[in-house]
Amino acid sequence: MGQRKILFCDLDGTLLDDRKLIEKTTMQAVEEMLAKGHLFAVCTGRPLTSARKVAAQYGLDKKGCYIIAYNGGAVYDPAAEKNVSYDAIPLACAGELFRRAEAAGLYIHTYDRADQDTVCTRQDAPELAFYTSHTVLSSRVCDAPVAGIAQDPPKMIVASLSDHAALERFHAENLSWTKDKMNSFFSCEEYLEYCPPGVSKGKAVQTLCAYLDIPVEASVAAGDERNDLSMLKAAGVSAVPANAHPDVLAAASYVCERDNNRGAVGEIIRKFIINAE
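Here's what I pulled together on the structure shown here.

Cut-offs and rules
Residues numbered from 1 in each chain as written. Predicted model: local features only at pLDDT ≥ 70, side-chain atom pairs only at ≥ 80, totals over all residues. Heavy atoms only, no water. Salt bridge = Lys/Arg side-chain N within 4 Å of Asp/Glu carboxyl O. Helix = DSSP H or I, 4+ residues; strand = E, 2+ residues; numbered from the N terminus. Buried < 20%, exposed > 50% of the residue type's maximum accessible area, 1.4 Å probe, protein only. Pairing = 2+ DSSP bridges. Axes fitted to C-alpha atoms, helices over the stretch in contact; angles between N-to-C directions. Polar contact = N/O pair within 3.5 Å; in protein donor to acceptor, adjacent residues only side chain to side chain. Expected span 1.5 Å × (residues − 1). Arc of directions from axis to C-beta. Contact = heavy atoms within 4.5 Å. Right-handed = clockwise from strand over helix to strand, strands pointing away. Phe/Tyr/Trp six-rings, centres within 6.5 Å; stacked < 30°, edge-to-face > 60°. Lys NZ or Arg CZ within 6 Å of the ring centre and 35° of its normal.

Note on pairing: side chains with opposite charge can pair once their charged atoms come close. Following the criterion strictly, the structure yields 15 salt bridges and no others. Lys201 is paired through a salt bridge with Asp10; the nearest N and O atoms lie 3.1 Å apart. Of this pair, Lys201 sits in helix H7 (residues 201-212) while Asp10 is found in the loop between strand E1 (6-9) and helix H1 (24-35), placing the two residues 191 residues apart along the sequence. A residue is classified by how much of its surface remains accessible, and Lys201, at 1% relative accessible area, is buried.

Structure below.
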């Protein structure tokens with residue numbers, strides 16, 4: 001084998017199909033690249049607990065596999081069972097974001113890291129059910145969600161299932177306040193995500209490559225949404241499924257013929273990793 005490569009791969013809308021499963025030919029390509037000594041990193045906005053469940057389901061928690069969660073807030077080595085890096089939002093800032101979102105009439109939640117990434121919110125809303133249905137996380141609805149957690153949270157989500165324009169307004173109106181306190185971006189039409197300052201999937205690409213002593217130029221990134229843009233920009237090759245957001249399609253160096261339901265990641269692996277040896 002020539003240069004060892006690493007694939008940084010988003011989950012929802014990229015590696016996972018619309019049923020939240022990995023398409024058969026893609027899984028075969030993943031297994032082949034790992035057998036050849038290449039590396040695979042799940043790179044998702046999901047909490048670490050949720051990402052670890054998906055990784056374990058498909059055997060992507062063994063040596064040669066890594067997990068980036070919370071949009072880059074945590075870089076995790078499952079074989080060594082340790083965090084390579086971890087960042088969090090100060091509780092005081094988290095409480096203020098809760099106040100601002102609720103004053104705007106928007107749903108907001110955060111996570112209790114000490115309790116398996118339990119989703120903590122004040123509202124038993126449709127947004128909560130929608131989110132926990134695909135992350136398979138427990139939830140806790142209480143009057144003081146931030147006061148009820150012991151650790152600074154790794155990220156927060158302001159969500160709306162029906163009013164993306166309201167999320168856009170909230171994002172714009174709070175940019176000056178969040179500027180030095182949090183990094184914010186959309187991971188889909190329904191989710192406006194807030195992470196610690198400087199945290200992004202792109203930064204996580206650099207962190208994991210340094211940890212593994214792999215040149216960033218030997219990395220391939222695959223993603224479909226706007227929270228993937230920093231990752232695509234940081235990697236040596238940026239490749240996206242046909243179903244990617246228009247902003248992501250415009251930023252990619254390669255657009256797949258296939259979408260996430262028809263094995264786009266398998267196409268990427270064969271073109272840029274297996275057949276490029």
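Having put the structure on the table, let's press on.
Read from one edge of the open sheet, six strands run E8-E7-E6-E9-E11-E10, paired in mixed fashion. Since the sheet does not close on itself, it has two edges, and those belong to strand E8 (139-141) and strand E10 (183-188), each with one partner. Put simply, the sheet's adjacent strands are angled 25° from each other on average, direction ignored. One ladder, built from three bridges, connects strand E7 (residues 118-121) with E8; its direction is parallel. Within the sheet, the bridge partner assigned to Cys120 lies in E8 and is Arg140.

Within the secondary structure, His38 sits in the loop between H1 and strand E2 (39-43). On the accessibility criterion, His38 (2% relative accessible area) is buried. Side-chain polar atoms of His38 contact the backbone nitrogen of Lys5, separated by 3.0 Å.

The next subject is H1. Between its terminal C-alpha atoms H1 stretches 17 Å, which fits the 16 Å expected from twelve residues at 1.5 Å a residue. Among all positions of H1, only Thr26, Met27, Ala29, Val30, Met33 and Leu34 are buried. For H1, the angular spread of the buried residues around the axis is 160°, confining them to a single face. More than 90 degrees from the buried face of H1, the exposed residues found are Lys24 and Ala35. In this fold, the buried residues of H1 make contact with E1, E2, strand E3 (65-69) and helix H10 (264-274). Count one or two residues on from H1 and you reach Gly37, which has phi positive near 95°.

Covered by surrounding structure in strand E12 (residues 219-222) are Ser219 and Ala221 together with Val220 and Ala222, the residues of both alternating faces. Pairing of E1 with E12 involves four bridges; the strand directions are parallel. Following the sheet pairing, Phe8 is matched in E12 by Ala221. In this structure, E12 lies alongside strand E13 (residues 237-240), joined through three bridges in parallel fashion. When the bridges of E13 are listed, Ala221 appears paired with Ser238. Where the polypeptide runs from E12 across helix H8 (residues 229-234) and back to E13, its parallel neighbour, the crossover connection is right-handed.

The backbone of Gln116 sits at a positive phi, close to 60°, despite the residue not being glycine. For Gln116, the position within the fold is in the loop between strand E6 (107-112) and E7. Backbone geometry places Asp213, a non-glycine residue, at a positive phi of 60°. By secondary structure assignment, the location of Asp213 is in the loop between H7 and E12. Take Asp213: its relative accessible area is 69%, and that puts it in the exposed class.

This part covers the packing of aromatic side chains. Tallied over the entire structure, the rule returns six aromatic pairs. Note on Tyr131 and Tyr191: the rings are 5.6 Å apart at their centroids and 70° apart in plane angle, and the pair reads as edge-to-face. Linking Tyr131 in helix H4 (residues 126-135) with Tyr191 in strand E11 (residues 191-195), this pair joins segments that are 60 residues apart in sequence. Pair check on accessibility: Tyr131 and Tyr191 agree, each one buried. Sitting over the face of the ring of Phe272, Lys271 holds its NZ or CZ atom 5.7 Å from the ring centroid.

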